[in-house]
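What the coordinates show
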Amino acid sequence: MRKFKYGTLSVILGAVVIAAVIVVNVVFSTLAYSKNWYIDLTKEKIYGLTDAGRALLDTIDPEAQISVHFCSPFDTLEANGAQKMVFELVKQIAAEYDNVTYDYLDTVKNPSATIKYKTSTTSTITPDSIIVESDSEFRVFKLQAMFMIDTQSGSAWAFNGEKKLVSAMVACTLAEKPIAYYTMTHGESLSQSMLELFAEAGYEVKGIDLTKEEIAEDARLIIVSYPQHDFEGISELTAGRKSEIEKISDFLASWGNLMVFMAPGTEKLPEFEALLAEWGIEFEDAVLKDPSNSIDTNNYAIVGQYSTEQTLGGSLVSSIVSSGTPPKTVLYYTRPIKLLYASKDNRQASTAVYSSKNAQKYVDDELVASGQYSLVTVSREARYIDNIQYQSNVFAVGTPLFAADEFLKSTYGNSDILYTMMRAMGKKQVPIDLDFKVFEDHALDITTKEAWTWSGVITFALPVIAVAAGVVIWLRRKHA
Amino acid sequence: MLAIYKREMQSYFTSPVGYVFIAVFIFFNAGAFSLGTLMMGMNSNVGSYFNYILFMQFILIPILTMKMFSEDRRSRTEQLILTSPVSLMGMVFGKFLAAFTLFGGTLIIDNLLNFSLLYKYGNPNTATLISQMVGLLLVGAAFIAIGLFVSALTENQIVAAFGTVGIIVMSLIIGIFNSFIPSYAVRSILSWISVVNRFYNFTYGILDLASLLYYFSICFVFMFLTVRIYEKRRWA
């Protein structure tokens, strides 16, 4: 018995007990980590999945596999308060839904792991990126997107992660691919490379005869590439059915998107051009050359200059601009685009790619002007409905050769711009009725005088009282 | 055990130790609270107050624990304890409980006043206040157990105090250098050990059951080791 108290066996017993405690802790921690054994005392259940979130996730096909990829190691996520919120939520979702998994993509050791999630060759997946993927659909979020940010102070005031993640999971698991329709019957043509790019962007591409067919509800994008004849307009008699322009207009009003490639020398298309004018776009009847900034001897192959403005057009090319060596975007035999307005009602129009300031405008082979012209533009109408932004985009390029095989299949930036636009237009907005979770409001409505007064009381008065009581009792005991 | 507990509590309040501890504790506690909340007004952040207190424990706890066993050894009253019919576990637990009562009681009572000011002038989240208080009490209990153990090792109170400070500081800062460590396995181990990392969930209103077990385990291990030390002395 004494050996157990102080001998060698005592030491062994002590070591065994400590080892047992460590093992119990490790096992329990592992189980608690995977099963989310914690008690959320908050009303907002900031870390937790709400019943409303569960109801939405229950609508997803249980066979659909959803993966959430984090680009930071799990312990790094745990150590960062903001990332931890997102991580804990994903863990809880994964614990409750067998078809949801999460993992860590090491972008340093395995950079190729994130290539497929980049929307352009120059966009980057950063350590705070969160990727929700299901089959071929994916959504990439930056950490900041998971929070409601005060635009003035820049600080987060609510957590919006549940809404973002659930919405992404629902959207990614929708059975159908986004559909892009290209118009026919007006002499249009599309390059094979462009069709392949659409497929790569996750689209299903179909032709449509708007004189006979309606635009399906699941259409996301209409492509009008090199039309040589005008569309049926509102002014035309169309035997009781909607005209082509009316259909396109209604499609855009229902948050559809339009891509337009027009060539120099095309005859006037009054109905179609009137539609584009509503979106602030006018294709000028001219062709551009740029002797100082072209890659061919005829000066028609203009190297575009990316917009660096804080506009929609600028944001379209921002990831290309921010790379160390941005690829060239080439527009061959292009007509200039004139923006009729920058902002009107809820619509904004801006330029993504300009010519240089030395571009020359030719009309009927005569030089009429020189200067800087818009070559690629994007117009957008956006509206917030129930805290979700709906948008309709019109993307315009002054030449159909922007999407020619030789420009899309090479290292030019043409494919990056198109791919970025396709991905942005292809995302279906899934209205999710989930509230964001407001953080606690720490603010105190206290005057400086009150703060000083109370600080004095609690910091000095109480300790003095405690010390005084101690002195009194000590003196009484001493003289007792 | 109850007799030991009563004796210890009495000794705290019949000598300057208890009052000095209470005064110093309230001073630091209230100072941190004022700096983190009252003085910040609209930018008040009660989380920073709890962080201050968490780190201030390396000063406060050693004051409380340095004399727990050291004094008995120095004054040679240790033999009375060793030969008494009280179980060693009962003795250790009684001392631990007395120290924890003083620490916890002071923390709770002082914060009742502090938090009443938060409710008077603001709209705090009760859940996070409760969870962080629970976290602080657990951390305090763990550090008291560590202090108890160190105090049992030496008869010099100063050595006991500094030894406790050293261990507490190590446990507080162990996770801070994680961002500089490339190995995921090493980072995980350090995070698992880190007292501060374990405290994080409490700041969000979460009672993490694994962390609860962790803190209770620290208390158990160090009290167990304290008992082993006295077992050895009793039977050697």
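Criteria and cut-off values
Residues numbered from 1 in each chain as written. Chains lettered and ligands numbered in written order. Predicted model: local features only at pLDDT ≥ 70, side-chain atom pairs only at ≥ 80, totals over all residues. Heavy atoms only, no water. Helix = DSSP H or I, 4+ residues; strand = E, 2+ residues; numbered from the N terminus. Contact = heavy atoms within 4.5 Å. Polar contact = N/O pair within 3.5 Å; in protein donor to acceptor, adjacent residues only side chain to side chain. pLDDT = per-residue confidence, 0-100. Buried < 20%, exposed > 50% of the residue type's maximum accessible area, 1.4 Å probe, protein only. Pairing = 2+ DSSP bridges. Core = buried A, V, L, I, M, F, W, Y, C linked by side-chain atoms within 4.5 Å. Axes fitted to C-alpha atoms, helices over the stretch in contact; angles between N-to-C directions. Salt bridge = Lys/Arg side-chain N within 4 Å of Asp/Glu carboxyl O.

1. Considering the overall build of chain A
For chain A, the count of helices and strands is 14 helices and 24 strands. The contacts of chain A with a sequence gap of at least 6 include a subset with a gap of at least 24, amounting to 71%.

2. Some remarks on the side chain of Thr334 of chain A
All names here are of chain A. Mapped onto the secondary structure, Thr334 falls in the loop between strand S16 (330–332) and strand S17 (337–339). At a separation of 3.3 Å, a polar atom in the side chain of Thr334 contacts the main-chain carbonyl oxygen of Gly398. Residues within four places of Thr334 in sequence aside, it is in contact with Pro264, Ala286, Val287, Leu288, Ile302, Leu375, Gly398 and Thr399.

3. So, the confidence of the model for chain B
Of the residues in chain B, 94% have a pLDDT of 70 or more, and the chain-wide mean is 84. Confidence, expressed as mean pLDDT per element, reaches its minimum in chain B at helix H5 (residues 78–83) of chain B with 67 and its maximum at helix H7 (residues 126–153) of chain B with 91.

4. Here we look at the pairing of strand S19 (residues 347–354) of chain A
Along any regular strand the residues' side chains alternate between the sheet's two faces. Residue and element names in this part refer to chain A. The element S19 is extensively covered by neighbouring structure, given that seven of its eight residues are classed as buried. In terms of strand pairing, strand S15 (residues 305–306) meets S19 through two bridges, oriented antiparallel. In the sheet register, Tyr306 faces S19, and the bridge partner there is Val353. Summarising the sheet, strand S18 (residues 343–344) and S19 pair through two bridges and their orientation is antiparallel. When the bridges of S19 are listed, Lys344 appears paired with Arg347. Linking S18 back to S19 in an antiparallel pair, the connection comprises two residues, with Asp345 at a positive phi of about 55 degrees. Sheet topology note: the S19/strand S22 (residues 374–385) ladder contains seven bridges and is antiparallel. Paired with Arg347 across the bridge in S22 is Glu381.

5. Section: unusual backbone geometry
Residue and element names in this part refer to chain A. In this structure, Tyr226 is a non-glycine residue whose phi angle is positive, near 60 degrees. Positionally, Tyr226 belongs in the loop between strand S10 (219–225) and helix H8 (244–253). With a relative accessible area of 28%, Tyr226 lands in the partly exposed category.

6. Focus on the nonpolar core
Phe103 and Tyr215 of chain B are the most contacted members of the largest nonpolar core, which has 75 residues in total. Broken down by element, the residue count for this core peaks at 16 residues, all from H7 of chain B. Leave out the neighbours within four places in its chain, and Phe103 of chain B touches Phe21, Phe25, Gln57, Ile61, Leu64, Leu136, Leu137, Gly140 and Ile144 of chain B. Of all hydrophobic cores here, the second largest spans 36 residues; its members include Leu221, Leu312, Ala352 and Val397 of chain A.

7. Details of the sheet that holds strand S20 (residues 359–363) of chain A
Residues and elements named next belong to chain A. Strand order across the open sheet formed by three strands is S13-S20-S21, with antiparallel pairing between neighbours. Two strands close off the open sheet at either side, each with one partner strand: strand S13 (287–289) and strand S21 (366–371). Within this sheet the neighbouring strands show an average axis-to-axis angle of 35 degrees, counted without direction. As defined by bridge partners, S13 adjoins S20 across three bridges and the pair is classed as antiparallel. Of the residues in S20, the one forming a bridge with Leu288 is Lys361.

8. Considering the pattern of salt bridges
According to the stated counting rule, one finds 18 salt bridges over all chains in the structure shown. The residue Glu8 of chain B makes a salt bridge to Lys95 of chain B at a minimum N-O spacing of 2.8 Å. One end of the pair, Glu8 of chain B, is in helix H1 (residues 2–14); the other, Lys95 of chain B, is in helix H6 (residues 88–121), and 87 residues separate them in sequence. The burial state of Glu8 of chain B is the same as that of Lys95 of chain B; both residues are buried. Within the structure, one salt-bridge network assembled from shared partners comprises Glu78, Lys84, Glu88 and Lys91 of chain A.

9. A short note on the environment of Leu213 of chain B
By secondary structure assignment, the location of Leu213 of chain B is in helix H11 (residues 209–235). Judged by its relative accessible area of 25%, Leu213 of chain B falls in the partly exposed class. Remark: the alpha-carbon pair of Leu213 of chain B and Leu138 of chain B, spanning 75 residues in sequence, is separated by 9.9 Å. Not counting chain neighbours up to four residues away, the residues in contact with Leu213 of chain B comprise Val24, Asn25 and Phe28 of chain A.

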